[in-house]
Amino acid sequence: MADGIPVDQSKPSIARVYDYLLGGKDNYAADRAVGDYFKNDLPGSVAIAFSNRQALIRAVHEMTRLGITQFLDMGSGLPTADNVHQVAKRLVPDARVVYVDNDPIVLTHGRALLATDASTQVIQADLHDPADIRQHREVKRLIDFDRPIGVIFSATLHHLQDEEKPAEVVRFWAEQAVPDSLFYISHFRSGHNAETQAAEQMLQATFGRGRWRTEEEIEDLFGELEVLEPGLVPCARWKTGTDTADVPRIGSGPMELTVWEQLIACGMARKR
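Residues numbered from 1 in each chain as written. Predicted model: local features only at pLDDT ≥ 70, side-chain atom pairs only at ≥ 80, totals over all residues. Heavy atoms only, no water.

Side note on the nonpolar core
Just so we agree on the cut-off: Among the buried residues, those of types Ala, Val, Leu, Ile, Met, Phe, Trp, Tyr and Cys that are joined through side-chain atoms within 4.5 Å form a nonpolar core. The cut-offs for exposure are 20% and 50% of the maximum accessible area for each residue type, with area from a 1.4 Å probe on protein chains only; residues under the lower value are buried, those over the upper are exposed, and the others partly exposed. Helix and strand definitions here come from DSSP, where helices need a minimum of 4 consecutive H or I residues and strands a minimum of 2 consecutive E residues; each element is numbered from the N-terminal end. Residue contacts are counted whenever heavy atoms from the two residues lie within 4.5 Å of one another.
Ranked by size, the top nonpolar core spans 49 residues in total, and within it Phe 71 and Tyr 184 carry the most contacts. Examining the composition of this core, we find that nine residues originate from one element, helix 3 (residues 46-65), more than from any other. For Phe 71, the residues in contact, after removing those within four places along its chain, are Val 60, Met 63, Thr 64, Val 84, Ala 88, Ala 95, Arg 96, Val 97, Val 98, Ile 143, Gly 150 and Ile 152. Ranked by size, the runner-up nonpolar core spans 29 residues in total, among them Ala 125, Leu 127, Leu 157 and Val 170.

This is how it looks when you write it as structure tokens:
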């Protein structure tokens with residue numbers, strides 16, 4: 001039970017599966033069964049999770065470099081090493097962060113982790129209802145919408161079906177933000193191959209959702225925001241030349257990406 005909300009351990013959670021793939025321990029047998037499918041039946045697919053995580057670390061560095069000191073992390077998942085607030089506060093000690101997730105166990109673990117951190121908070125809310133998030137007391141307490149904000153959608157929008165209008169979710173926050181606010185999106189990228197089809201079918205069968213989109217469809221999620229260089233690229237190639245704290249890939253110089261590393265793409269955009 002998390003904060004009085006029962007947790008159904010028999011059903012896998014997206015956040016807990018991701019935690020398991022990254023080597024975390026906050027997961028149950030149902031989560032590990034799904035994770036083991038990716039590990040054992042789709043060898044190499046775990047690279048998606050690691051590429052995504054390392055790109056997120058670089059994204060937070062880039063946001064702070066461009067002057068962002070307050071962050072909304074939409075669909076944050078379970079705590080792992082180098083959370084958004086940890087990366088941001090290494091560069092901006094007074095950075096403010098609100099994590100948003102709908103999994104009750106995320107709320108419990110997040111609050112335990114942040115019990116002594118008044119400038120970082122985790123709230124349980126639904127990505128589908130941005131207006132409710134906007135009015136949440138912790139969002140109002142920590143985020144000043146009269147100043148630029150950094151909004152992070154790291155591997156979350158691909159869990160929204162087309163009819164759930166993910167582009168409108170992004171547009172809501174773009175309308176709330178002042179100019180020079182930054183928006184980071186990472187998203188499953190359709191490879192039109194057997195690997196994509198197998199992974200997408202597993203997500204749909206397990207969670208009843210999961211939409212792998214083309215590059216054009218992912219770019220459309222940014223709407224009228226100005227997409228910054230290098231544009232939408234595989235996470236393993238995004239901003240890899242910057243001085244960041246993420247784990248370097250083995251070897252030196254440019255490397256050919258695996259088919260799995262090509263299946264998660266990201267980009268950052270600015271509100272003009």
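On we go from here.
Here we look at the pairing of strand 8 (residues 264-270)
What counts, and what does not: In this analysis, strands are considered paired if DSSP registers two or more bridges between them.
Among the seven residues that make up strand 8, six are buried, leaving the element largely enclosed by the rest of the structure. Both strand 5 (residues 182-188) and strand 8 contribute to a ladder of seven bridges, which runs antiparallel. Bridging across to strand 8, Phe 188 finds its partner in Ile 264. One ladder, built from two bridges, connects strand 6 (residues 226-227) with strand 8; its direction is antiparallel. The residue of strand 8 that forms the bridge with Val 227 is Ala 269. Relative to strand 8, strand 7 (residues 233-234) is paired through two bridges, and the arrangement is antiparallel. Within strand 8, the position partnered with Pro 234 by the bridge is Ala 265.

Some thoughts on the layout of surface pockets
How we decide: Of the grid points, spaced at 1 Å and generated over the protein atoms alone, those admitting a 1.4 Å probe that cannot get out make up cavities, while open sets with protein on both sides within 12 Å along at least five of seven lines make up pockets; any residue with an atom within 4 Å of a point is treated as lining. Grid points are joined across faces, edges and corners, and a volume is the space filled by probe spheres set on the points. Under this grouping Gly is polar, as are all residues other than the nonpolar Ala, Val, Leu, Ile, Met, Phe, Trp, Tyr, Cys and Pro and the charged Asp, Glu, Lys and Arg.
Quantified by volume, the largest pocket comes out at close to 1,100 Å³. As for the largest pocket, its lining consists of 48 residues, and the residues nearest its centre are Ser 13, Ile 14, Ala 15, His 159 and Phe 207. Of the residues that constitute the lining of the largest pocket, the class distribution is 26 nonpolar, 13 polar and nine charged.

Describing the pattern of salt bridges
Note the following rule: Put simply, a salt bridge is a Lys or Arg side-chain nitrogen that is within 4 Å of an Asp or Glu carboxyl oxygen.
On inspection of all chains with the given rule, the structure shows 11 salt bridges. Arg 171 is the salt-bridge partner of Glu 168, the closest N and O atoms lying 3.7 Å from each other. One end of the pair is Glu 168 and the other is Arg 171, both in helix 8 (residues 166-176) and three residues apart, which spans about a single turn. On the basis of relative accessibility, which here comes to 41%, the residue Glu 168 falls in the partly exposed class. The class of Arg 171 is partly exposed, set by a relative accessible area of 43%. The structure contains a network of salt bridges with shared partners spanning Asp 162, Arg 211, Arg 213 and Glu 217.

Observations concerning the pairing of strand 4 (residues 150-154)
This is how it is decided: Seen with its strands pointing away from the viewer, a crossover is right-handed if its path from the first strand over the helix to the second goes clockwise.
Buried residues dominate strand 4, accounting for five of its five residues. Residues Gly 150, Ile 152 and Ser 154 point to one face of strand 4 and Val 151 and Phe 153 to the other, with burial holding for every one of them. As defined by bridge partners, strand 1 (residues 70-74) adjoins strand 4 across three bridges and the pair is classed as parallel. Bridged to Phe 71 within strand 4 is Gly 150. As paired elements, strand 4 and strand 5 share five bridges and run parallel to each other. Following the sheet pairing, Phe 153 is matched in strand 5 by Ile 185. Considered for its hand, the β-α-β crossover made up of strand 4, helix 8 and strand 5 is right-handed.

A word on helix 2 (residues 29-41)
Here is the rule: Expected helix span is computed as 1.5 Å times (number of residues minus one).
Over its 13 residues, helix 2 extends 17 Å from the first C-alpha to the last, a length consistent with the 18 Å expected when each residue adds 1.5 Å. Among the residues making up helix 2, those that are buried are Ala 30, Asp 31, Val 34, Gly 35 and Phe 38. The elements touched by buried residues of helix 2 are helix 1 (14-21) and helix 9 (194-207).

A few points about the packing of aromatic side chains
Put simply, the test is: Any two of the Phe, Tyr and Trp rings considered here, Trp counted by its six-membered ring, make a pair once their centres fall within 6.5 Å; the pair's planes then place it as stacked at under 30 degrees, edge-to-face at over 60, or tilted in between. Our definition puts a charge over a ring when NZ of Lys or CZ of Arg is within 6 Å of the ring centre and also within 35 degrees of the ring normal.
Enumeration over the complete set of coordinates arrives at five aromatic pairs. With 5.7 Å between their ring centres and 80° between their planes, Tyr 37 and Phe 38 make a pair best called edge-to-face. Using a relative accessible area of 9% as the deciding quantity, one classes Phe 38 as buried. It is Lys 39 that lies over the ring of Tyr 20; its NZ or CZ is 4.0 Å from the centre.

Regarding the state of the cysteines
Just so we agree on the cut-off: Defined by distance alone, a disulfide is two cysteine sulfur atoms within 2.5 Å.
Applying the stated criterion across every chain, the model contains zero disulfides. This cysteine, Cys 235, is not joined by any disulfide, and Cys 266 carries the nearest cysteine sulfur, 3.6 Å off. Note on Cys 266: relative accessible area 0%, which makes it buried.

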